[in-house]
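# Coordinate analysis (summary)
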Amino acid sequence: MKVIVTKDKYAGGKATFDIFAEALKQGAKVLGLATGSTPLTFYQEVVTSSLDFSDVISINLDEYVGLAPDNPQSYHYFMQKHLFDAKPFKACYLPDGLTQDPATFCQQYDQLMLDHPIDVQLLGIGQNGHIAFNEPGTPFNLGTHEVQLTESTIKANARFFNEISEVPKTAICMGIKNIMAAKKIVLLAFGTEKAHAVKQLVEGTITEAIPATVLQRHHDVTVICDEAAAAELK
Ligand code: F6R
């Protein structure tokens with residue numbers, strides 16, 4: 001696992017941009033993308049760049065159950081606003097939060113990733129060590145699935161909603177098996193509140209209790225964190 005420590009989230013966004021730009025230059029055609037506040041400085045770099053995604057497919061990590069794509073709190077809306085409006089892709093896939101048949105949808109999403117293996121997967125990390133919405137205790141061998149969000153994740157994400165009661169309780173997300181199948185993984189973490197999770201991710205014992213620790217088993221992971229998030233590293 002390679003760790004790059006940057007001064008702040010802006011330098012982190014630039015460092016991430018450089019990795020993705022190089023991967024595209026080398027022929028990457030399928031990008032795994034994330035939402036949340038962490039990738040914003042990266043997406044900002046992308047939208048102001050000359051990079052062209054018209055031949056690239058994106059596959060997002062997750063979506064809340066019950067939110068329509070035009071709901072401003074949905075991850076569809078987030079991606080449209082922060083990336084796809086400015087940078088059209090050949091095709092963009094996100095889990096369908098309104099599916100009436102989550103089990104079949106999850107199988108189809110797994111198949112999508114078998115048909116289009118992810119070249120570079122972007123990740124954030126939760127304070128509790130979650131990646132996508134794979135919460136502590138999630139088996140490492142799960143594919144795409146519907147997940148019950150923990151109280152701590154609901155609290156952390158309440159900042160994007162008017163009230164905590166509006167935060168959906170479930171989501172559909174890629175499993176750890178899908179994430180580990182990506183050829184290259186870039187995980188971003190900014191701010192003091194991520195310092196403990198970053199320490200566990202890089203130096204902790206591999207355990208399902210801290211899902212991100214599984215990344216120690218992947219052969220090509222780069223962690224980009226700012227000085228605050230790196231503060232607990234040895
Ligand atoms: C988002 C996602 C989540 C976030 C994580 C950190 O698609 O899968 O795992 O990466 O919750 O969120 P932020 O970046 O808002 O701190």
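Above: the structure in question.
Reading the values: rules and limits
- Position numbers for residues count from 1 along each chain, tracking the sequence in the order it is written.
- Side-chain atom pairs in this predicted model are given and counted only at pLDDT of 80 or more, local residue features only at pLDDT of at least 70, and totals for whole chains, interfaces and linings cover all residues.
- By convention in this description, side-chain values take in all heavy atoms of the structure and omit both hydrogens and water.
- The term salt bridge refers to a pairing of a side-chain nitrogen on Lys or Arg with a carboxyl oxygen on Asp or Glu at a separation within 4 Å.
- The helix and strand labels rest on DSSP assignments: H or I over at least four residues marks a helix, E over at least two residues marks a strand, and numbering proceeds from the N terminus.
- Each residue gets one of three labels from its accessible area relative to the maximum for its type: buried under 20%, exposed over 50%, partly exposed in between, using a 1.4 Å probe on protein chains only.
- In short, DSSP must find at least two bridges between two strands for them to pair.
- Where helices are involved, their axes are fitted lines through C-alpha atoms of the stretch in contact, as for all axes, and angles between N-to-C directions lie from 0 to 180°.
- Definition of nearness: a residue and a molecule or strand are near each other if at least one heavy atom of the residue lies within 4 Å of the molecule or strand.
- In protein, a polar contact means a hydrogen-donor-capable atom and an acceptor-capable atom, both N or O and within 3.5 Å, with residues adjacent in sequence counting only if both atoms are side-chain atoms; elsewhere, any N or O pair within 3.5 Å suffices.
- Surface exposure here means Shrake-Rupley accessible area, sampled with a 1.4 Å probe, where a residue is shielded only by the protein chains that are shown.
- Put simply, Ala, Val, Leu, Ile, Met, Phe, Trp, Tyr, Cys and Pro go in the nonpolar bin, Asp, Glu, Lys and Arg in the charged bin, and everything else, Gly too, in the polar bin.
- The criterion is simple. A nonpolar core is a set of buried Ala, Val, Leu, Ile, Met, Phe, Trp, Tyr and Cys residues joined through side-chain atoms within 4.5 Å.
- For this analysis, residues touch if any pair of their heavy atoms sits within 4.5 Å.
- Excluding any residue in a salt bridge, patches collect residues exceeding 30% relative accessible area, merging like charges within 9 Å and nonpolar Val, Leu, Ile, Met, Phe, Trp and Tyr side chains within 5 Å.
- Pairing of aromatic side chains requires ring centres within 6.5 Å, counting the rings of Phe and Tyr and the six-membered ring of Trp. Pairs whose planes differ by under 30 degrees are stacked, by over 60 edge-to-face, and all others tilted.

### Considerations on the pattern of salt bridges
Counted by the stated rule, this structure contains eight salt bridges. Of the charged contacts in the structure, one is a salt bridge between D55 and K29, with a shortest N-O distance of 3.5 Å. Of this pair, D55 sits in the loop between α2 (40–47) and β3 (57–60) while K29 sits in the loop between α1 (9–25) and β2 (30–33); the two residues are 26 residues apart in sequence, bridging distant segments of the chain. Assessed through its relative accessible area of 39%, D55 is described here as partly exposed. A salt bridge links D119 to K183, with the shortest nitrogen-to-oxygen separation between them at 2.7 Å. With D119 in the loop between α4 (102–115) and β6 (120–123) and K183 in the loop between α6 (176–180) and β9 (184–189), the pair connects residues that are 64 residues apart, well separated along the chain. Note on D119: relative accessible area 15%, which makes it buried. The network of salt bridges with shared partners includes K29, D55 and K90.

### With respect to the sheet that holds strand β4 (residues 62–64)
Taken in spatial order, the three strands of this open sheet run β4-β8-β7, and their pairing is antiparallel. Among the strands making up the open sheet, the edge pair consists of β4 and β7 (145–148). The sheet shows a mean angle of 25° between the axes of neighbouring strands, taken without regard to direction. Where β7 meets strand β8 (residues 170–173), four bridges bridge the pair, whose relative direction is antiparallel. Note on β8: the bridge partner recorded for Q148 is T170.

### Some words on the pairing of strand β10 (residues 221–226)
The buried count for β10 comes to six of six residues, which makes it a mostly enclosed element. Strand direction decides the pairing type here: strand β1 (residues 2–6) and β10, joined by five bridges, are parallel. Considered in β10, the bridge of I4 is made with I224. Of the pairings in the sheet, the one linking β9 to β10 comprises five bridges and is parallel in character. When the bridges of β10 are listed, L188 appears paired with I224.

### Some points on the site of the ligand
Of all residues adjacent to the ligand, which total 13 residues, the nearest are T38, D62, H130, A132 and K194. Between T35 and the ligand, the recorded distance is 2.9 Å, taken from a side-chain N or O atom to an oxygen atom. At 2.7 Å from an oxygen atom of the ligand is found a side-chain nitrogen or oxygen belonging to K194. The protein chains hide 94% of the 410 Å² of surface that the ligand would expose on its own. Across the shell around the ligand, the residue classes tally to four nonpolar, six polar and three charged.

### A few points about the nonpolar core
Residues L31, I59, I131, I179, L187 and L215 are the most contacted members of the largest nonpolar core, which totals 76 residues. When residues of this core are assigned to their parent elements, the largest contribution, seven residues, is made by α1. Here I179 is in contact with L61, L123, I131, A132, N134, M174, I185 and L215, once residues within four sequence places are set aside.

### Points about a nonpolar patch on the surface
On the surface, a cluster of nonpolar side chains totalling about 230 Å² of accessible area is made up of M1, V3 and V5. The partly exposed category is assigned to V5, whose relative accessible area is 46%.

### Looking at the packing of aromatic side chains
Applying the stated criterion across every chain yields a total of nine aromatic pairs. Centre to centre, the rings of Y75 and F133 are 6.1 Å apart; their planes meet at 20°, and the pair counts as stacked. With Y75 in helix α3 (residues 75–84) and F133 in the loop between β6 and β7, this residue pair connects regions lying 58 residues apart in the sequence. Classification of Y75 by relative accessible area gives buried; the value is 9%. Residue classification places F133 among the buried positions, given a relative accessible area of 3%. Among the aromatic side chains, those forming a connected cluster through ring pairs are Y64, Y75, F133 and F161.

This is a description of form; function is not addressed.
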